[in-house]
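# Secondary and tertiary structure notes
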There are 2 protein chains.
Amino acid sequence: MSSSSTSPGRDSKARAADAKPPMREALVAAAFQLFLERGYEQTTVDDIVALAGVGRRSFFRYFPSKEDVVFPDHERCLADMTAFLAAGTGDEEPVGRVCDAARLVLGLYAENPAFSVQRYRLTKKVPGLRAYELSVVWRYERALAEYLRARFASRRDGNLRADVIAAAVVAAHNNALRSWLRSDGQGDATAAMDHALGLVQSAFGTAPPPPADERPEDVVVVVSRRGAPLWRVVQEIESTLTRD
Amino acid sequence: MSSSSTSPGRDSKARAADAKPPMREALVAAAFQLFLERGYEQTTVDDIVALAGVGRRSFFRYFPSKEDVVFPDHERCLADMTAFLAAGTGDEEPVGRVCDAARLVLGLYAENPAFSVQRYRLTKKVPGLRAYELSVVWRYERALAEYLRARFASRRDGNLRADVIAAAVVAAHNNALRSWLRSDGQGDATAAMDHALGLVQSAFGTAPPPPADERPEDVVVVVSRRGAPLWRVVQEIESTLTRD
C-alpha cells in the first residue's frame, strides 16, 4: 500500500517515521518522564510538548492522541506483520507462519527492554491505557485471523479455525511476553516465546511433509481388541505389511 | 460474595437488579429507541431519561455510564459464570467446564434474539462501543482463565495452558455467536456453538474416563515399521495381548 519510491515528492510524514527523527523520540522520552513523575492522567499534551521544546502541532504530527505516545511503534509493527504475512508464497504451514508473525511483535518489545518494562508498569496502572492496549491487541489478532481465513478458505470450518488459532497465538504470545516483562526484561524472551507458541503449534499445527529423501521408513499401525484371537490379528498384519 | 438473605436490610440495588423492575427495562428500551432513531453518539443520558419519564439519578442507579445501557446484562452474566465455575466439585474435565461456562453467555443472547441483533448492529457502527465490548469480552476471558489456572496449578505450564485455552474458548464462542447474529438470530445457535466449542475441546480437552461398567473392551495398538520381519511383529502383539 505504501509507496516504495524515494522521489522528493514522497510523503514527508512517512519519510520522517522511517528515519525515526530525534523529535519523535524526544516526544516519547518527555512523555514517559512526565508519566512516571506525575502520573499519566495528570500529564497533558501541553506538558509533554513544553518539556520536549516543540509545539503542539509537532506532537499531533506524530501521535493522534496521548494514548498513542505510549505505544509509539505499534502502527509500524502492525504494518510489518501484515507485510510479512502477505509476503509468503502460500506454501508455508499456516500455523507456523502466524507464530513467526507473532515473534515480530516480541522483537519490538525486546529491542528496548527498559522502555517496554516501563510501559508495562504504566499500562497496568491506568485503566484507559489498558483499554487502548486491548484495542491494539485486537488489531494484531485480526491481522493473524485474516491471513488464516484466506489460507483455510477451502475448509468448511475455515473461519472458525482461523479465529480460534489467531486468539490462541495472541494469548500464548502475551503470556510469554508478560512473564518476561514481569521479570523486568531479564531472562530469555525468545525461549519462553518458542515454548508458548509450541503449545499452539502442537494443538493446531500440521508439520510440513519432510523432503522425500528424508522420509522415515513407512510405519504400520494395527489396532485390535484385546479379546481378538491371535490368528485374526496376525492375518490382518500380514495383509497390511504385504499390501502394495 | 453477595448476600442470599432476603431480609429488609438487603441492598436495595441488588434486590432491584434481581427483580428486573420495569424502570430498568424502560430505560434500556428508551435508550435503544433513541440510538436507532438518532444514532448512539447523538443521544444523551438526558434524552434517555426524558423518554423513559424518569430522573437522571434513576439512570445512574442502574447504569454507571451510557455504554453500560447497551450491555445491560453482562454484569449479571459474568457473576453467573463465575458462580458456575466456582460451584464445580473440581472433578469436572476443565476444558469441558469452561465450554459450558461460555454457553451461559450464549444463553444471555439467545434469551432475546431481537435485542441481541439490534445491539450487534449498533456495536458494529460505534467505535466507542466496540472498545467497550472488547473490555467486556476480556473480563469473560479472564474469568475462564482464572478457573483454568487454578485447575492446572500443578502443571509447570499451567498458566500458559489456561490463558491459551481461555482465549480459544472465547474466540470459538464469539465466532458462533456472531454467525448467529449476522443471520438475524435465525438458525440453530446451540448447534453452531457446540460445533465451535468442539474444535477447542478436540484440540485441548481430555475426555473424562467413562464409568467402569461402560468401558469398551480394551484396545491394543501396535506400531511397527513396514520393513520389520513378521515374526518380530507377531511376537510383540502376542506379548501385549497376553500381558496382565
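Please read these numbers as outputs of a predicted model, since none were measured by experiment.

### Here we look at the environment of Pro 113 of chain B
By secondary structure assignment, the location of Pro 113 of chain B is in helix H8 (residues 113-125). Note: C-alpha distance between Pro 113 of chain B and Asp 184 of chain B (71 residues apart in sequence) is 7.8 Å.

### Structural notes on unusual backbone geometry
Even without being a glycine, Asp 184 of chain A presents a positive backbone phi close to 60 degrees. Structurally, the position occupied by Asp 184 of chain A is in the loop between helix H10 (158-182) and helix H11 (189-204).

### Examining the packing of helix H2 (residues 22-38) of chain B against helix H3 (residues 45-52) of chain B
Residues and elements named next belong to chain B. Viewed as axis vectors pointing N to C, H2 and H3 meet at an angle of 120 degrees, and their least axial separation amounts to 9 Å. With respect to their mutual orientation, H2 and H3 come out oblique. H2 and H3 meet at a crossing whose hand is right-handed. In this structure, H2 uses Ala 26, Leu 27, Ala 30, Ala 31, Gln 33, Leu 34, Phe 35 and Arg 38 to contact H3, whose residues at the interface are Asp 47, Ile 48, Val 49, Leu 51 and Ala 52.

### Observations concerning the side chain of Glu 93 of chain A
All names here are of chain A. Within the fold, Glu 93 resides in the loop between helix H6 (74-86) and helix H7 (94-110). Buried within the structure, Glu 93 lacks any salt-bridge partner; Arg 151 is the closest side chain of opposite charge, at an N-O distance of 7.5 Å. A polar contact of 2.7 Å, which involves the side chain of Glu 93, links it to the backbone nitrogen of Gly 96.

### Some details on the packing of aromatic side chains
Under the definition given, this model contains 15 aromatic pairs over all chains. Consider the rings of Phe 32 of chain B and Phe 115 of chain B, whose centres lie 4.7 Å apart with planes at 65 degrees: the pair is edge-to-face. Of this pair, Phe 32 of chain B sits in helix H2 while Phe 115 of chain B is found in helix H8, placing the two residues 83 residues apart along the sequence. A single burial state applies to Phe 32 of chain B and to Phe 115 of chain B, both of which are buried. In this structure an aromatic cluster arises from ring pairing among Phe 32, Phe 35, Tyr 40 and Phe 115 of chain A. In this structure, Lys 66 of chain B packs its charged tip against the face of Tyr 40 of chain B, placed 4.2 Å from the ring centre. Here the basic side chain of Arg 97 of chain B rests over the ring of Phe 84 of chain B, its NZ or CZ set 4.0 Å away from the ring centre.

Reading the values: the criteria
Residues numbered from 1 in each chain as written. Chains lettered and ligands numbered in written order. Predicted model: local features only at pLDDT ≥ 70, side-chain atom pairs only at ≥ 80, totals over all residues. Heavy atoms only, no water. Helix = DSSP H or I, 4+ residues; strand = E, 2+ residues; numbered from the N terminus. Axes fitted to C-alpha atoms, helices over the stretch in contact; angles between N-to-C directions. Parallel < 35°, antiparallel > 145°, perpendicular 65-115°, else oblique. Left-handed = near helix turned anticlockwise from the far one by under 90°. Contact = heavy atoms within 4.5 Å. Buried < 20%, exposed > 50% of the residue type's maximum accessible area, 1.4 Å probe, protein only. Lys, Arg positive; Asp, Glu negative; His and termini not counted. Salt bridge = Lys/Arg side-chain N within 4 Å of Asp/Glu carboxyl O. Polar contact = N/O pair within 3.5 Å; in protein donor to acceptor, adjacent residues only side chain to side chain. Phe/Tyr/Trp six-rings, centres within 6.5 Å; stacked < 30°, edge-to-face > 60°. Lys NZ or Arg CZ within 6 Å of the ring centre and 35° of its normal.

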